[in-house]
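Residue-level listing of the chains:
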Amino acid sequence: DVKVTQSSRYLVKRTGEKVFLECVQDMDHENMFWYRQDPGLGLRLIYFSYDVKMKEKGDIPEGYSVSREKKERFSLILESASTNQTSMYLCASSRGQRDYGYTFGSGTRLTVV
Amino acid sequence: QQPVQSPQAVILREGEDAVINCSSSKALYSVHWYRQKHGEAPVFLMILLKGGEQKGHDKISASFNEKKQQSSLYLTASQLSYSGTYFCGTGGGYSSASKIIFGSGTRLSIRP
């Protein structure tokens, strides 16, 4: 069964900490994405990557960075966590084709205290 | 620009039909539809590409009107398993590396 795996289901961090969220896919997909999901706002794109070491900003990149050193792994980094970054974070991947849907991970619920 | 979904929420009895709409202020090249059950990841339903096509499987189908920059998802003879939040995602670029922007979702509740 094909998978997108996020390393943690729940995470609690303190304000100011550097936080790493990891995502691994086993489908050899070219594209990978990080979204955050908040009630009433849907899924908002933070960053995406269409190739190793390539990244592009999404709609809400402020306060975040990403790393993609290997094709299967896409990491989201919160440089200095703040309480307004408390959210559900979803990773997704897809083939590099226009007619291909996304496969999502189960999400990481991050709470910043 | 985030696409606008309507309605925001709908409650149906089992067996009734539903239509969920998705509209964008930008030209569209593709529209994705996903369903998310509570506490789970969104699951891909279908994708429609520029060309005004209609797609469907089982009792769930969708249409794409590129002139109106709209897509609609049709759920026929709804089942309890159709409950969840439905998201449309719109793509504005031709490249396979183009991003998808999601709407805020439509919560569908099916009652026996």
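Right above here is the structure, for reference.
Residues numbered from 1 in each chain as written. Chains lettered and ligands numbered in written order. Predicted model: local features only at pLDDT ≥ 70, side-chain atom pairs only at ≥ 80, totals over all residues. Heavy atoms only, no water.

## Section: the layout of surface pockets
- Estimates place the volume of the largest pocket at around 660 Å³.
- In this structure, the largest pocket is lined by 26 residues; those nearest its centre are A:Gln37, A:Pro39, B:Gln36, B:Thr85 and B:Arg107.
- Where the lining of the largest pocket is concerned, the elements lending two or more residues are β4 (31-38) and β9 (87-94) of chain A together with β9 (84-91) and β11 (106-111) of chain B.
- No other element matches the three residues that β9(B) contributes to the lining of the largest pocket.
- Each residue belonging to the lining of the largest pocket can be placed in one class, and the counts come to five nonpolar, 15 polar and six charged. (1 Å grid on protein atoms, 1.4 Å probe; cavity = no way out; pocket = protein on both sides within 12 Å on 5 of 7 lines; lining within 4 Å. Points joined across faces, edges and corners; volume = space filled by probe spheres on them. Helix = DSSP H or I, 4+ residues; strand = E, 2+ residues; numbered from the N terminus. Nonpolar A, V, L, I, M, F, W, Y, C, P; charged D, E, K, R; others polar.)

## Observations regarding the state of the cysteines
- Taken as a whole and judged by the stated rule, the model has two disulfides over all chains.
- Shown here is the disulfide that connects A:Cys23 with A:Cys91, its sulfur atoms set 1.9 Å apart. With the S-S dihedral at roughly -75°, the linkage between A:Cys23 and A:Cys91 falls on the left-handed side. With A:Cys23 in strand β3 (residues 19-25) and A:Cys91 in strand β9, this pair connects stretches of sequence that are 68 residues apart. In terms of burial, A:Cys23 and A:Cys91 fall into one category: buried.
- Here B:Cys22 connects covalently by a disulfide to B:Cys88, the sulfurs 2.0 Å from one another. Taking the sign of the S-S torsion, about 70° here, the bridge from B:Cys22 to B:Cys88 comes out right-handed. Here the residue B:Cys22 occupies a position in strand β3 (residues 18-23), and B:Cys88 occupies one in strand β9, the gap between them amounting to 66 residues. (Disulfide = S-S within 2.5 Å. Buried < 20%, exposed > 50% of the residue type's maximum accessible area, 1.4 Å probe, protein only.)

Remember that the coordinates give geometry; whether it matters functionally is a separate question.
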